[in-house]
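The chain contents come next:
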Amino acid sequence: MNRLIKFGIILHLLILGGCGMTENPEKKAVQGEGTLSEIPASAALQDEFTRGYLTSTKEKEKGFYEFKSKTGGYSMLFPADAVLSNGFGNERKGNNMEAVMFTGTLEKADMITQSIYENLPITKDIEANLDLLSTSVSYDGKYEEVNKQNRSIYYGKKTTDLDDAIAFNYFSFIKAKEGNQGVRFMYSATCKKADKSCVSSMEKHEQIAEKIVESIAFE
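## A closer look at the state of the cysteines
Inspection of every chain in the model, using the stated rule, returns 1 disulfide. Cys191 shares a disulfide with Cys198; S-S distance 2.0 Å. Classification of the bridge connecting Cys191 and Cys198 rests on its S-S torsion, roughly -70°, and on that basis the disulfide is left-handed. As far as the burial class goes, Cys191 and Cys198 line up, both buried.

## Let's talk about the pattern of salt bridges
Summed over all chains, the structure comprises 10 salt bridges. For Glu206, the salt bridge is made with Lys157, and the minimal N-O distance between the two is 3.0 Å. Of the two residues, Glu206 sits in helix α6 (residues 202–215) while Lys157 sits in strand β8 (residues 151–161), which places them 49 residues apart along the sequence. Judged by its relative accessible area of 46%, Lys157 is partly exposed.

## Examining the nonpolar core
Counting 40 residues, the largest nonpolar core has Phe67, Tyr74, Phe78, Ile174, Val183, Tyr187 and Phe218 as its most contacted members. Once residues within four sequence positions are removed from consideration, Ile174 is found in contact with Arg151, Ser152, Ile153, Gln181, Gly182, Val183, Phe185, Val213, Ile216 and Phe218. Membership of the second largest hydrophobic core comes to 13 residues, among which are Ile116, Leu133, Tyr143 and Tyr154.

## A few points about the side chain of Glu98
Tracing the chain through its elements places Glu98 in strand β5 (residues 97–106). Within the structure, the side chain of Glu98 is placed 2.5 Å from the side chain of Ser69, a separation counted as a polar contact. Dropping the residues within four chain positions of it, Glu98 is found in contact with Tyr53, Phe67, Ser69, Lys70, Thr71, Tyr74, Glu91, Arg92, Ser115, Ile116 and Tyr117.

## Section: the sheet that holds strand β1 (residues 64–68)
Ordered in space as β1-β2-β11, the 3 strands form an open sheet in which the pairing is antiparallel. Of all strands in the sheet, those bounded by a partner on one side alone are β1 and β11 (217–218). One ladder, built from 2 bridges, connects strand β2 (residues 74–79) with β11; its direction is antiparallel. Across the sheet, residue Ser75 finds its bridge partner in β11, namely Ala217.

## What to know about the side chain of Ser75
Within the element layout of this structure, Ser75 appears in strand β2. Overall, Ser75 belongs to the buried group, its relative accessible area being 6%. Reaching out from Ser75, the side chain makes a polar contact with the side chain of Glu219 at a distance of 3.3 Å.

## Quick word on the packing of aromatic side chains
Taken as a whole, this structure holds 11 aromatic pairs when the rule is applied. Seen in terms of ring centroids, Tyr139 and Tyr143 are 5.3 Å apart; in terms of plane orientation they differ by 75°. Their pairing is edge-to-face. A ring pair is formed by Tyr170 and Tyr187, whose centres lie 6.2 Å apart and whose planes are at 50°; its orientation type is tilted. Linking Tyr170 in strand β9 (residues 165–176) with Tyr187 in strand β10 (residues 181–192), this pair joins segments that are 17 residues apart in sequence. By the burial criterion, Tyr170 is buried, and Tyr187 matches it. An aromatic cluster is built from Phe49, Tyr53, Phe67, Tyr74, Phe78, Phe102 and Tyr117, whose rings are joined through pairwise contacts.

Cut-offs and rules
- Residues numbered from 1 in each chain as written.
- Predicted model: local features only at pLDDT ≥ 70, side-chain atom pairs only at ≥ 80, totals over all residues.
- Heavy atoms only, no water.
- Disulfide = S-S within 2.5 Å.
- Buried < 20%, exposed > 50% of the residue type's maximum accessible area, 1.4 Å probe, protein only.
- Salt bridge = Lys/Arg side-chain N within 4 Å of Asp/Glu carboxyl O.
- Helix = DSSP H or I, 4+ residues; strand = E, 2+ residues; numbered from the N terminus.
- Core = buried A, V, L, I, M, F, W, Y, C linked by side-chain atoms within 4.5 Å.
- Contact = heavy atoms within 4.5 Å.
- Polar contact = N/O pair within 3.5 Å; in protein donor to acceptor, adjacent residues only side chain to side chain.
- Pairing = 2+ DSSP bridges.
- Phe/Tyr/Trp six-rings, centres within 6.5 Å; stacked < 30°, edge-to-face > 60°.

Written out as structure tokens, the structure is:
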């Protein structure tokens, strides 16, 4: 008798669970289209927190999805092999400031990147923002300025020699020509010196960093 009762309870729960699954729409995978059953096996989409910042489960460009800031202020390409930090390096203050950090293994290197968005009056001060960026990455060199149709980009780069590794660092300040929007972007890829194939990928990392920076679009 006890066994029959237990079976009846289990069957009842299964029926309730089945009904619930039928009545509720499938959970969205990302900000835009796509559902959990359609997720490709990429690091970015397999991570639930990262998915919340992506606009689609479809790649925007090969190896990259589209990231959209929770402020609604900008979008950019996001590496398929990277995941966002759900804590350290991630901060938001309303729609005027947001910092996100993401990490991954790209071209055999350990990559860590931070993007800091601001929509504040101080963002108009180019020199102040470049000084802040330089301090953040311990850089004392000059920046290359590139003017686009609706934004200006300031590029900097350096190589850091560590004990048994080498780090390639690429950083930029992207300023909208109209308004107060700006992004400080910092990309770093670290290789073990003994891994010659990784060390030789410096140009590829510069291309990846530039691709992301070039994709930044203010909204």
